[in-house]
Amino acid sequence: MNSNAAFREQYRQEHIGPRYSGRFHLAFVITFSLGGIALCIWQLDAVRPLEWLTLPLAFLYANLVEYAGHRWVMHRKVPGLGLIYRRHAGQHHRFFTDQSMALEGWRDCKVVLFPAVLMVFFFGAFAVPLGLLLAWLTTANVAWLFVIVALGYYLNYELLHLAYHLPEDSRLADLPLLKRLRRLHYLHHDPKLMASKNFNITYPIGDWLFKTRA
Ligand SMILES: [Zn+2]
Ligand SMILES: [Zn+2]
């Protein structure tokens, strides 16, 4: 057994409990995000043209947060955030290398998707306070639009990342845009490049700005 296969076995034994279900985990991510988006859309009230600008601006902001979080928190030991570093650099990158990128079953979703608790925590700790601040500084519509983008971006991140780790022969892997993004993530999983290249998981805007695209 090579070292990657041995790590996978050890990880599954230590971290994936018998009651874990990858399908349920994915269903939770989708339901939480789409349910939240629906609730926010329902709150919008006669959005003015300038308020719609929140959508592209929040998208850009989310892309840079994704970039910065991945580059400076997931690949560097930051005091107090060591758990995120260990989970990503120590586990995700050892489970998946450029030589073995594919999941081997639904239960391996555990190594790709954010844990549900962490997701609810981040949403409560960052998106909600920032939304409240925006509502206070600007308008309620701006705040709802911001939360819509935050949830949509998060869902897009999880689905794309999961798609990159599907087996090579899956039909999704042939979609042109997905093929290009997937290639960038493959390169990021090369142990020699992981701490220096391709930090965007979704669209490489941050990598383009900071010149870290491989
Ligand atoms: Zn990955
Ligand atoms: Zn990484």
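An account of the accompanying structure is given in this report.

## Here's the deal with the coordination of the zinc ion (ligand 1)
Then, number 1: For the zinc ion (ligand 1), the full set of protein donor atoms is His-92 (NE2), His-161 (NE2), His-165 (NE2), His-185 (NE2) and His-189 (NE2), at a range of 2.1 to 2.3 Å.
Then, number 2: Sequence spacing of the donor residues for the zinc ion (ligand 1), all on one chain, is H-x68-H-x3-H-x19-H-x3-H. Of this pair, His-92 sits in helix α5 (residues 82-95) while His-161 sits in helix α7 (residues 140-164); the two residues are 69 residues apart in sequence, bridging distant segments of the chain. Residues His-92 and His-161 agree in their burial class; the two are buried.

## As for empty space enclosed by the protein
Then, number 1: By the definition in use, this model includes one cavity of 30 Å³ or more.
Then, number 2: Of the volumes computed, that of the largest cavity is approximately 150 Å³.
Then, number 3: Forming the boundary of the largest cavity are Met-74, Ile-84, Arg-87, His-88, His-92, Val-111, Val-112, Leu-113, Phe-114, Leu-118, Tyr-157 and His-161.
Then, number 4: Elements with a minimum of two residues in the lining of the largest cavity: α5 and α7.
Then, number 5: At four residues, the largest contribution of residues to the lining of the largest cavity is made by α5.
Then, number 6: The residue inventory of the lining of the largest cavity, partitioned by class, reads eight nonpolar, three polar and one charged.

## Let's talk about the pattern of salt bridges
Then, number 1: Throughout the structure, instances matching the rule amount to seven salt bridges.
Then, number 2: Between Lys-192 and Asp-190 there is a salt bridge; the shortest N-O distance is 3.8 Å.
Then, number 3: Taking the relative accessible area as the measure of exposure, Lys-192 reaches 71% and is therefore exposed.
Then, number 4: Salt bridges sharing common partners tie together Arg-8, Glu-9, Arg-12, Glu-104 and Asp-108.

## Quick word on the packing of aromatic side chains
Then, number 1: Per the stated rule, a full pass over the model turns up 13 aromatic pairs.
Then, number 2: With 6.0 Å between their ring centres and 75° between their planes, Tyr-67 and Trp-72 make a pair best called edge-to-face.
Then, number 3: Looking at Trp-72, the relative accessible area reads 30%, which means it is partly exposed.
Then, number 4: Relative to Phe-210, the ring of Tyr-67 lies with its centre 4.9 Å away and its plane at 10°, an arrangement referred to as stacked. Note that Tyr-67 is positioned in helix α4 (residues 54-74) and Phe-210 in the segment after α9 (205-209), a separation of 143 residues in sequence.
Then, number 5: Among the aromatic residues, ring-to-ring pairing joins Phe-7, Tyr-11, Phe-95 and Phe-96 into one connected group.
Then, number 6: If you follow Lys-110 out to its NZ or CZ, it ends over the ring of Tyr-20, 5.5 Å from the centre.

## Details of α4
Then, number 1: Buried residues of α4: Thr-54, Ala-58, Ala-62, Asn-63, Glu-66, Tyr-67, His-70, Val-73 and Met-74, and no others.
Then, number 2: Where α4 is buried, its residues contact α3 (49-52), α5, α7, α8 (176-188) and α9.

## A word on α8
Residues lying three or four places apart along an α-helix face the same way, a consequence of the helix completing one turn every 3.6 residues.
Then, number 1: For α8, which comprises 13 residues, the first-to-last C-alpha distance of 19 Å matches the rise-based estimate of 18 Å (1.5 Å per residue) to within 8%.
Then, number 2: Within the sequence span of α8, burial applies to Leu-178, Leu-181, Arg-182, Leu-184, His-185, Tyr-186 and His-188.
Then, number 3: Buried positions along α8 lie against α4, α5 and α7.

## Overview of the coordination of the zinc ion (ligand 2)
Then, number 1: Donor atoms from the polypeptide that bind the zinc ion (ligand 2) are His-70 (NE2), His-75 (NE2), His-88 (NE2), His-93 (NE2) and His-188 (NE2), placed at 2.0 to 2.2 Å.
Then, number 2: Linear spacing of the donor residues for the zinc ion (ligand 2) on their chain is H-x4-H-x12-H-x4-H-x94-H. A residue pair is termed long-range when its members are at least 10 positions apart, and His-75 in the loop between α4 and α5 and His-88 in helix α5 qualify at 13 residues. Here the two residues His-75 and His-88 agree in accessibility, since each one is buried.

Definitions and cut-offs
- Residues numbered from 1 in each chain as written.
- Chains lettered and ligands numbered in written order.
- Predicted model: local features only at pLDDT ≥ 70, side-chain atom pairs only at ≥ 80, totals over all residues.
- Heavy atoms only, no water.
- Donors = N, O, S within 2.8 Å, 3.2 Å for Na, K, Ca; no water.
- Helix = DSSP H or I, 4+ residues; strand = E, 2+ residues; numbered from the N terminus.
- Buried < 20%, exposed > 50% of the residue type's maximum accessible area, 1.4 Å probe, protein only.
- 1 Å grid on protein atoms, 1.4 Å probe; cavity = no way out; pocket = protein on both sides within 12 Å on 5 of 7 lines; lining within 4 Å.
- Points joined across faces, edges and corners; volume = space filled by probe spheres on them.
- Nonpolar A, V, L, I, M, F, W, Y, C, P; charged D, E, K, R; others polar.
- Salt bridge = Lys/Arg side-chain N within 4 Å of Asp/Glu carboxyl O.
- Phe/Tyr/Trp six-rings, centres within 6.5 Å; stacked < 30°, edge-to-face > 60°.
- Lys NZ or Arg CZ within 6 Å of the ring centre and 35° of its normal.
- Contact = heavy atoms within 4.5 Å.
- Expected span 1.5 Å × (residues − 1).

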